[in-house]
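Each chain, letter by letter, is given below.
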Amino acid sequence: MARMLVTGGAGFIGSHLVDALVEHGDDVVVMDDFSGGFKRNVPPGVALRRGSVSREQDVVAAFADGPFDVVFHLAAYAAEGLSHHIKRFNYENNLVGSVNLINAAVNADVGHFVFLSSAAVYGHAAGTLTELDVPEPIDSYGIAKLAVEAELAVTERLFALPYTIFRPHNVYGTRQNIADRFRNVIGIFINQVMHGRPLSIFGDGHQQREFSHVADVVPALLAAPSSRDARNQCFNIGADSATSILDLAERVLAEFGRPDHPVVHLPARDEVVTIQLSHEKAVRVFDLPAPRTLAEGLAEMVSWAQTLGPQQPRWDPTIEIPRGLPPSWR
């Protein structure tokens, strides 16, 4: 039995990882500030520490009861477009918080550090991107994630902290916080339908994304600490086929049986139009099966969301720069 710390373990991807670790027989501690997570997501018997990685004292307290074999760092506020307007909050949570955790991991001689980065590090890069492509983030969120990646590489060289980095993209599935107004378009669409509101699309809707089911991401995270080929490596992880936002809207409405539900187009925002990632490296190292189809994943997620019903936001970050903020986000 190994002792694991999962930051963001009451959230979406984190809670699915916690389930997998518990099933594997590991001793798991969850750290979460519940800004986007829920206690209901944490299985019985798992130690739960309420706290934020952005507060050093919370991180120190999480390590006080003994060392961890592995740290899985998933806590983050992942809203690329909004990150321009919440720069301080973004860097405090996604960069400084990560450094707090890296410091603690080095001082506690943690055996492996798994970091959930993001495809946002690639920015506007075109083509099918591999881990060898030079990252050029275009938003504060992507900049923070790339900075943590660089910090992990330096920390490993100086202090021998082994790490594995994953760059997922557009992950969706059950337990996603569908009340969040600023991120996760599938969850936003589902909640808008259940509230009887029009689906809101920025621009013409021809933007394309590869939507990745959470069940296709977690197995690689789980396997990373025990894989020699994953040591000090970075992996793209997620789905292989792209879908336009317009097509996604139609698929969501079809799952609800409401094809005539209204859709509104909002002014376009500065965002990547199309991004496609190669997952060949992850498939080879972790022997991953073919990703599940979007049709399967949407059916499951819509069914789950209907058991919850329409959700109201519990928390929104404070806007630091209102200039240029899309009117729908005010």
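Above this text sits the structure in question.
From a predicted model like this one, the values you see are computed outputs, not experimental measurements.

### Some words on the packing of helix 8 (residues 245-256) against helix 10 (residues 294-308)
1) Next: Where helix 8 contacts helix 10, the two axes come as close as 10 Å, and the packing angle between them is 50°. By the angle between their axes, helix 8 is oblique relative to helix 10. Where helix 8 crosses over helix 10, the two elements pack in a sense that is right-handed. Packed against helix 8, whose contacting residues are Leu248, Arg251, Val252, Glu255 and Phe256, the element helix 10 presents Leu294, Ala295, Leu298, Ala299, Val302 and Gln306 at the interface.

### Points about helix 5 (residues 140-159)
Note: α-helices contain 3.6 residues per turn, so residues at a spacing of three or four share the same orientation.
1) Next: The end-to-end C-alpha distance of helix 5 is 28 Å, a good match for the 28 Å that 20 residues give at a rise of 1.5 Å each.
2) Next: Residues of helix 5 that are buried include every one of Ser140, Tyr141, Gly142, Ala144, Lys145, Val148, Glu149, Leu152 and Thr155, and no others.
3) Next: Ala160 occupies a position one or two residues after helix 5 and carries a positive phi of about 60°.

### What about the packing of helix 6 (residues 185-195) against helix 8?
1) Next: One way to put it is that helix 6 packs onto helix 8 with a least axis distance of 10 Å and a crossing angle of 45°. It follows that helix 6 is oblique to helix 8 by the angle criterion. Here helix 6 and helix 8 pass one another in a crossing that is right-handed. Each of Val185, Ile186, Phe189, Ile190, Val193 and Met194 in helix 6 lies in contact with helix 8, whose residues at this interface are Ile245, Leu248, Ala249, Val252, Leu253 and Phe256.
2) Next: Taken together, the residues of the contact of helix 6 with helix 8 sort by class into twelve nonpolar, no polar and no charged.

### A look at a nonpolar patch on the surface
1) Next: A cluster of nonpolar side chains, contributed by Val154, Leu158 and Phe159, occupies part of the molecular surface with about 290 Å² of accessible area.
2) Next: Of note, Val154 is situated in helix 5.
3) Next: A relative accessible area of 34% places Val154 in the partly exposed class.

### A closer look at the pairing of strand 7 (residues 163-168)
1) Next: Most of strand 7 is tucked away, with six of its six residues classed as buried.
2) Next: Of the two faces of strand 7, the one holding Tyr163, Ile165 and Arg167 and the one holding Thr164, Phe166 and Pro168 are both buried throughout.
3) Next: Pairing between strand 7 and strand 12 (residues 233-237): five bridges, direction parallel. By the bridge assignment, Thr164 is partnered in strand 12 with Gln233.

### Focus on the environment of Val99
1) Next: Structurally, Val99 can be placed in helix 4 (residues 87-107).
2) Next: Under the relative-accessibility criterion, Val99 is labelled partly exposed at 28%.
3) Next: Taking the C-alpha atoms as reference points, Val99 and Leu152, separated by 53 residues in sequence, lie 9.0 Å from one another.

### What about the sheet that holds strand 3 (residues 47-50)?
1) Next: Across the sheet, which stays open at both edges, the seven strands sit in the order 3-2-1-4-5-7-12 with parallel pairing between neighbours. Taken across any chain shown, the strands that pair with only one partner, and hence form the sheet edges, are strand 3 and strand 12. Neighbour-to-neighbour, the strand axes of the sheet open up by a mean angle of 15°, direction not taken into account.
2) Next: In the sheet, strand 4 (residues 70-73) pairs with strand 5 (residues 112-116) via four bridges, with the strands oriented parallel. Each bridged residue has a counterpart across the sheet, and for His73 the counterpart in strand 5 is Phe115.
3) Next: Across the sheet, helix 1 (residues 12-24) is in contact with strand 1 (3-7), strand 2 (27-32), strand 4 and strand 5; its angle to strand 1 comes to roughly 170°.
4) Next: Sitting on the sheet, helix 5 touches strand 5, strand 7 and strand 12, and the angle it makes with strand 7 is about 165°.

Each value, and the rule that gives it
Residues numbered from 1 in each chain as written. Predicted model: local features only at pLDDT ≥ 70, side-chain atom pairs only at ≥ 80, totals over all residues. Heavy atoms only, no water. Axes fitted to C-alpha atoms, helices over the stretch in contact; angles between N-to-C directions. Helix = DSSP H or I, 4+ residues; strand = E, 2+ residues; numbered from the N terminus. Parallel < 35°, antiparallel > 145°, perpendicular 65-115°, else oblique. Left-handed = near helix turned anticlockwise from the far one by under 90°. Contact = heavy atoms within 4.5 Å. Expected span 1.5 Å × (residues − 1). Buried < 20%, exposed > 50% of the residue type's maximum accessible area, 1.4 Å probe, protein only. Nonpolar A, V, L, I, M, F, W, Y, C, P; charged D, E, K, R; others polar. Patch = residues over 30% accessible without salt bridge, like charges linked within 9 Å, V, L, I, M, F, W, Y side chains within 5 Å. Areas by Shrake-Rupley, 256 points an atom, 1.4 Å probe, with all protein chains shown as cover. Salt bridge = Lys/Arg side-chain N within 4 Å of Asp/Glu carboxyl O. Pairing = 2+ DSSP bridges.

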